[in-house]
2 protein chains.
Amino acid sequence: MAVFNDTFNATERLLAEHRSVRRFAEREVDLATLERILECGMRASNTGNMQMYSVVVTRDKERLKSLGALHYGQCATAPVMLTVCADVERYHRWCQLRGAGVCYDNFLWYLSGVIDASLCAQNICVAAESEGLGFCYLGTVLYNAKAIAELLKLPKGVSPVITLALGYPEGETTLSERLPLDAVVHYEEYRADSDADIERQHRMREEFPFNRRMVEENGVENLAKLFTEKRYPVDANRAISRALLDEITRSGFMNNE
Amino acid sequence: MAVFNDTFNATERLLAEHRSVRRFAEREVDLATLERILECGMRASNTGNMQMYSVVVTRDKERLKSLGALHYGQCATAPVMLTVCADVERYHRWCQLRGAGVCYDNFLWYLSGVIDASLCAQNICVAAESEGLGFCYLGTVLYNAKAIAELLKLPKGVSPVITLALGYPEGETTLSERLPLDAVVHYEEYRADSDADIERQHRMREEFPFNRRMVEENGVENLAKLFTEKRYPVDANRAISRALLDEITRSGFMNNE
């Protein structure tokens, strides 16, 4: 599947060819390489240059097992896991040392921290792929945010947002399908698509061989139901949403009044 | 200021040398270039490959003025603005067409959409810089999310997360300072830094010439107070936080029970 043409430059080809890696070789990531890609993360844009994020690196084998269990054993062969957190704690402590009050204990800064942590993580990922490393984002970080915060000894004001499994790839990887660009991009205002448009946009996804196999193996009627019934059912979603709001409150990001 | 050394490859140098651009040349961004960098955005990782985001492109001069006013006139010379939104609407419509229920109307999916929109945006930015374009993230998108949603005709299930001002740079840009890597990165567990550590981490920032000038021009005692008293005062933060939670509720991301 061609995801780029001759007009893409080398950087754009790297971005366009991204594949998630879930199986990793038995090869360590040396500290110099790791710190180089982390430096690239820190150069990403961030709100007010306040850098309200932290990265917790897990490399110890026993800790990888404990953290891995909170991610349901996904990507268990990764030699490194990075947990990128929204972090107002460091900033607040500096403010207090300078006689300025605590200001950033509210939802705006949780959300700003989430966005900044994400931009930092994506720069780390682009740098990692440029080094021949592979990675996978583990969305499960949001399912077990409180337990992960406890394991990593996160203080108040720090909450996990993103986990990356990182290492050198093992075996084949496949390029995922994406919606056509015109499904996602709107010009000047949000376009009111017809039902036929929505069906056309999703057709390639429904016909993608991997997706067809998943539908068959799970014994569901169609791809949409694979998601709503098996992968992300509504009761689980809502329970996770409530737990997440509790965690955000616990970690001190909900003083909005 | 050296932000990279000989061990950085070409991609890492591009990332490490990022500078925000706030003044733009009178040169249009042609559609082929724009769509190429948007394609790179879409190749970023996203939750479950559900692509729960949309990008609204603003290029029309009158619309740029209206949208620019909601961003307080920042980056007024940009020929393009991109508003990246969390979007469950497209997915829900497809699910309904396939007889699957609405599942993603809760906070977990707002947050997943925010993260995925951010990863997409950062890939767009990396691709943009590789093309010689410049950009600036406008955090003000969170201040006026409801008004921006109305201007862009966002339906329920779609909420603005990120705005990028985009175009060819005009004039000089400067590389911002960052905290030392060891301030942001923690190994194995979150480190309990001493007050002296916090002061050391922030010293370079306090001594950075641009920051010293800002402190002087604003007549505040120190850099921390520039942020807590002038740029992001607590009452404004809390009011924005409440408005944001209202907007998330309005746009249908808070059905958590």
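Here is a short report on the structure shown in this document. These figures come from a predicted structure and were not determined experimentally.

**Brief notes about the overall build of chain A**
Part 1 of the reasoning: Within chain A one finds 11 helices and five strands.
Part 2 of the reasoning: Expected size for 257 residues packed as a compact globule is a radius of gyration near 18 Å; at 20 Å, chain A falls within 12% of this value.
Part 3 of the reasoning: In terms of principal-axis extent, the alpha carbons of chain A reach across some 60 × 45 × 40 Å.
Part 4 of the reasoning: Excluding contacts between residues fewer than 6 apart, the proportion of contacts in chain A whose partners are at least 24 apart in sequence is 77%.
Part 5 of the reasoning: In the form shown here, chain A has an accessible surface area of approximately 10100 Å², with 49% of it arising from carbon and sulfur atoms.
Part 6 of the reasoning: Treating the 30 positive side-chain charges of chain A as one cloud and the 37 negative ones as another, the clouds have centres 5 Å apart.

**Some words on the relation of the copies chain A and chain B**
Part 1 of the reasoning: Its rotation angle being 180°, the transformation that places chain A on chain B also includes 0.0 Å of axial translation and leaves an RMSD of 0.0 Å. Taken together, the rotation angle and the small translation identify this as a two-fold axis.
Part 2 of the reasoning: Looking at chain A, 100% of its interface residues are interface residues in chain B too, so the copies touch through the same face.

**Overview of the packing of helix H5 (residues 107-130) of chain A against helix H11 (residues 234-250) of chain B**
Part 1 of the reasoning: Interhelical geometry of H5 of chain A versus H11 of chain B gives an angle of 75° and a closest axis separation of 7 Å. Taken as axis vectors, H5 of chain A and H11 of chain B run roughly perpendicular relative to one another. In this structure, H5 of chain A uses Phe107, Leu108, Trp109 and Leu111 of chain A to contact H11 of chain B, whose residues at the interface are Asn237, Ile240, Ser241, Leu244, Leu245 and Ile248 of chain B.
Part 2 of the reasoning: Split by residue class, the contact of H5 of chain A with H11 of chain B holds eight nonpolar, two polar and no charged.

**Things to note about the environment of Pro160 of chain A**
Residue and element names in this part refer to chain A.
Part 1 of the reasoning: Residue position: Pro160 is located in strand E4 (residues 158-167).
Part 2 of the reasoning: The class of Pro160 is buried, set by a relative accessible area of 1%.
Part 3 of the reasoning: Taking the C-alpha atoms as reference, Pro160 lies 6.5 Å from Ala149; in sequence the two are 11 residues apart.
Part 4 of the reasoning: Setting aside residues no more than four positions away along its own chain, Pro160 makes contact with Thr83, Val84, Cys85, Val141, Leu142, Ala145, Ile148, Ala149, Leu154 and Glu247.

**A short note on the pairing of strand E1 (residues 53-58) of chain A**
Side-chain positions along a regular strand alternate between the two faces of the sheet.
Part 1 of the reasoning: Extensive coverage of E1 of chain A is indicated by the burial of six of its six residues.
Part 2 of the reasoning: Neither face of E1 of chain A is open: one carries Tyr53, Val55 and Val57 of chain A, the other Ser54, Val56 and Thr58 of chain A, and all of them are buried.
Part 3 of the reasoning: As paired strands, E1 of chain A and strand E2 (residues 80-87) of chain A are joined by six bridges and run antiparallel to one another. Within E2 of chain A, the position partnered with Tyr53 of chain A by the bridge is Ala86 of chain A.
Part 4 of the reasoning: Bridge count for E1 of chain A against strand E5 (residues 185-187) of chain B is three bridges, and the pairing is parallel. Bridge assignment links Val56 of chain A to a residue of E5 of chain B, and that residue is His186 of chain B.

**Overview of helix H9 (residues 209-217) of chain B**
Residue and element names in this part refer to chain B.
Part 1 of the reasoning: Of all the residues in H9, the buried ones are Asn211, Met214 and Val215. Taken around the axis of H9, the buried residues stretch over an arc of 100°, which confines them to a single face. In H9, the exposed positions that point more than 90 degrees away from the buried face belong to Pro209, Arg212, Glu216 and Glu217.
Part 2 of the reasoning: For H9, the secondary structure elements touched by its buried residues are helix H8 (195-207) and helix H10 (223-231).
Part 3 of the reasoning: Positive phi shows up at Gly219, right after H9, with a value of about 60°.

**Notes on the sheet that holds strand E5 (residues 185-187) of chain A**
Part 1 of the reasoning: Spatial strand order, E5(A)-E1(B)-E2(B)-E4(B)-E3(B): five strands in an open sheet with mixed pairing. Each edge of the sheet is formed by a strand with only one pairing partner; in this case those strands are E5 of chain A together with strand E3 (134-137) of chain B. When the angles between neighbouring strand axes are averaged without regard to direction, this sheet yields 25°.
Part 2 of the reasoning: Where strand E2 (residues 80-87) of chain B lies against strand E4 (residues 158-167) of chain B, eight bridges are found, and the strand directions are antiparallel.

So, how was this worked out
- Residues numbered from 1 in each chain as written.
- Chains lettered and ligands numbered in written order.
- Predicted model: local features only at pLDDT ≥ 70, side-chain atom pairs only at ≥ 80, totals over all residues.
- Heavy atoms only, no water.
- Helix = DSSP H or I, 4+ residues; strand = E, 2+ residues; numbered from the N terminus.
- Rg over C-alpha atoms; globule rule 2.2 N^0.38 Å.
- Contact = heavy atoms within 4.5 Å.
- Areas by Shrake-Rupley, 256 points an atom, 1.4 Å probe, with all protein chains shown as cover.
- Lys, Arg positive; Asp, Glu negative; His and termini not counted.
- Charge placed at Lys NZ, Arg CZ, Asp CG, Glu CD.
- Least-squares fit on C-alpha atoms with pLDDT ≥ 70 in both.
- Axes fitted to C-alpha atoms, helices over the stretch in contact; angles between N-to-C directions.
- Parallel < 35°, antiparallel > 145°, perpendicular 65-115°, else oblique.
- Nonpolar A, V, L, I, M, F, W, Y, C, P; charged D, E, K, R; others polar.
- Buried < 20%, exposed > 50% of the residue type's maximum accessible area, 1.4 Å probe, protein only.
- Pairing = 2+ DSSP bridges.
- Arc of directions from axis to C-beta.

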